[in-house]
Amino acid sequence: MPGDFYLPMTLQELTAHVSQQFTKIYGRQPRWIVAAPGRVNVIGEHTDYNGGFVLPMAIERYAVMAADRSTDGKNVIQIRDTVKGVEPTLIDLSAPVKPGTPKWSNYPRGVVAGFLARGINPGGLDVLLHSTVPLGGGLSSSAALEVCTATLLEAIAGKKLDPVEKALLCQKAEHEFAGVPCGIMDQFISVMGRENHLLLLDCRSRKPELVPMNDPSVALLIVNTNVKHELSGGEYAKRRAQCETAAKILGVPSLRDADADALELVKGKMDEVVYRRARHVIGEIERTTHAAEGVRTSNWPTVGQLMYASHRSLRDDYEVSCNELDAVVEIAESIGIKGGVYGCRMTGGGFGGCAVALVKAGAVEAISKKIAVDYKKKTGIEATIFGSRPAAGATVWPVRAIK
Ligand code: GLA
């Protein structure tokens, strides 16, 4: 694929770049290099905290950390960012680790606290962070940062956590240090992603199932509306609470245990908004397992229709879309299958961020151009559009291999 439509650097090149930057900034070579990917969710939105199914894939955008033990004898983890002007993070290990500043530091802080609670103390470190996951784009830049930190601490300790425990530790960091009551999808996929596969995750049993996605005739386009999404704003927590209310009225532990008929039976006992929230979740869980079947059988028109249905439900029943996301989906729909688009929907928490489109691989360039032009016309905003193949989850890079 020409240009930087796909990741402009391979992960190997990226880690080499971060290694060089580390040497420039800290005056010596790093001892560890780790990377953890962001994700795009193909379908299954706002289902994870309802015990439902999600179908994400890891993307070729990563948080990368290069590190070495600090040389000043202090028991402090120092994390600098390759972006100029970003305030460095200092995590003092000689006192209990608490949320602090800068705001972004709460993701690594929470993870460090989780390791300390397990008796794993990495000691003083010099760390350089470089992330290619767009911030606030709904592609899990925060989960990538958490999982990257956890992967670094594992490498330093020479001890791997169980992958489920690792994902849960990172989720806890997000709950307790960043104040976002997120589900489990983002951390799971960043830990467990596999090249050429989507991950169908049953968020109740936490059982992951790899779904091969390597049909060269299709591609996934990620369209960043460049409208920042902010999950700590309270709307996410409100949706969670509404789902819990609905489950209580239905008399089930979570909405995963309800179906459309049961919901209709109690409709009269529910606030209309709570009813619509539950209708989204119940429908979305069903759409997700159908879509996974569609991917397994390369039934792309069906997967595409399910994506459109998911978007409508998120827009009308769950009310987490926004005009810009709707604009992208409308443009995609107007291009249609004839023009190479099977389906499109908002992805991630919503209120801005990205849409994901399933398209014919041969039409990627033309579709990207058309979406960019029409989106600018409709909203006055420049979209950022890129593609990604399903990538591998968090990895430790042997430093010797990248020198
Ligand atoms: C955010 C959360 C996830 C999930 C999605 C919505 O990305 O971090 O846990 O709930 O929103 O599907």
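Reading the values: the criteria
Residues numbered from 1 in each chain as written. Predicted model: local features only at pLDDT ≥ 70, side-chain atom pairs only at ≥ 80, totals over all residues. Heavy atoms only, no water. Helix = DSSP H or I, 4+ residues; strand = E, 2+ residues; numbered from the N terminus. Buried < 20%, exposed > 50% of the residue type's maximum accessible area, 1.4 Å probe, protein only. Near = heavy atom within 4 Å. Polar contact = N/O pair within 3.5 Å; in protein donor to acceptor, adjacent residues only side chain to side chain. Areas by Shrake-Rupley, 256 points an atom, 1.4 Å probe, with all protein chains shown as cover. Nonpolar A, V, L, I, M, F, W, Y, C, P; charged D, E, K, R; others polar. Core = buried A, V, L, I, M, F, W, Y, C linked by side-chain atoms within 4.5 Å. Contact = heavy atoms within 4.5 Å. Pairing = 2+ DSSP bridges. Salt bridge = Lys/Arg side-chain N within 4 Å of Asp/Glu carboxyl O. Axes fitted to C-alpha atoms, helices over the stretch in contact; angles between N-to-C directions. 1 Å grid on protein atoms, 1.4 Å probe; cavity = no way out; pocket = protein on both sides within 12 Å on 5 of 7 lines; lining within 4 Å. Points joined across faces, edges and corners; volume = space filled by probe spheres on them.

(A) Up close: unusual backbone geometry. Geometrically, the link from Thr-101 to Pro-102 is a cis peptide bond, its omega value of -10° lying close to zero. As for its position among the elements, Pro-102 is in the loop between strand 4 (89-92) and helix 2 (106-117). Within the chain, Arg-206 stands out as a residue other than glycine whose phi angle is a positive 60°. On the secondary structure map, Arg-206 appears in the loop between strand 6 (197-202) and strand 7 (207-212). Taking relative accessible area as the criterion, Arg-206 reaches 37% and is therefore assigned partly exposed. The phi dihedral of Asn-226 is positive, around 60°, even though this residue is not glycine. Tracing the backbone shows Asn-226 in the loop between strand 8 (218-224) and helix 6 (235-250).

(B) Focus on the site of the ligand. Inspection of the region around the ligand gives 13 residues, with Glu-45, His-46, Asp-48, Asp-186 and Tyr-236 positioned closest. Contact between the ligand and Tyr-236: an oxygen atom at 2.6 Å from a side-chain N or O atom of the residue. When isolated, the ligand has an accessible area of 300 Å², and the protein chains bury 98% of it. When the residues that make up the shell around the ligand are grouped by side-chain class, the tally is five nonpolar, four polar and four charged.

(C) Layout of the nonpolar core. Counting 136 residues, the largest nonpolar core has Leu-55, Met-65, Leu-358 and Ile-371 as its most contacted members. If you tally residues by element for this core, the top one is strand 2 (residues 53-69), at 12 residues. Setting aside residues up to four positions removed in sequence, Ile-371 forms contacts with Leu-221, Val-223, Val-328, Ile-331, Ile-335 and Ile-385.

(D) How the structure looks around the environment of Gln-187. Within the secondary structure, Gln-187 sits in helix 5 (residues 185-192). Residues Gln-187 and Lys-166, spaced 21 residues apart in sequence, show a C-alpha to C-alpha distance of 8.4 Å. When sequence neighbours within four positions are dropped, the list of residues in contact with Gln-187 reads Ala-143, Glu-146, Val-147, Ala-167, Cys-170, Gln-171, Glu-174 and Cys-182.

(E) Structural context of the pairing of strand 3 (residues 76-81). With four bridges connecting them, strand 3 and strand 4 associate as antiparallel partners. Paired with Gln-78 across the two strands is Leu-90, which belongs to strand 4. In this sheet, strand 5 (residues 125-131) lies alongside strand 3 in parallel orientation, the contact comprising five bridges. Paired with Ile-79 across the bridge in strand 5 is Val-127.

(F) A look at the pattern of salt bridges. Evaluated as defined, the whole model comprises 24 salt bridges. Through salt bridges with shared partners, a single network forms among Glu-45, Glu-284, Arg-287 and Arg-345.

(G) Quick peek at the sheet that holds strand 10 (residues 354-360). Here four strands make up an open sheet; going across it, the order is 9-10-8-11 and the pairing antiparallel. Whereas interior strands pair on both sides, the edge strands pair on one side only; in this sheet they are strand 9 (341-346) and strand 11 (384-387). With direction set aside, neighbouring strand axes in the sheet form an average angle of 20°. Two elements, strand 8 and strand 11, share four bridges in a ladder whose sense is antiparallel.

(H) Layout of empty space enclosed by the protein. Applying the stated criterion to the full structure yields one cavity of 30 Å³ or more. Estimated volume of the largest cavity: approximately 40 Å³. Met-65, Ile-77, Ile-79, Pro-108, Val-112, Leu-125, Val-127, Thr-149, Leu-152 and Leu-153 are the residues that line the largest cavity. Sorting the residues of the lining of the largest cavity by element identifies strand 3, helix 2, strand 5 and helix 3 (141-157) as the ones contributing at least two each.

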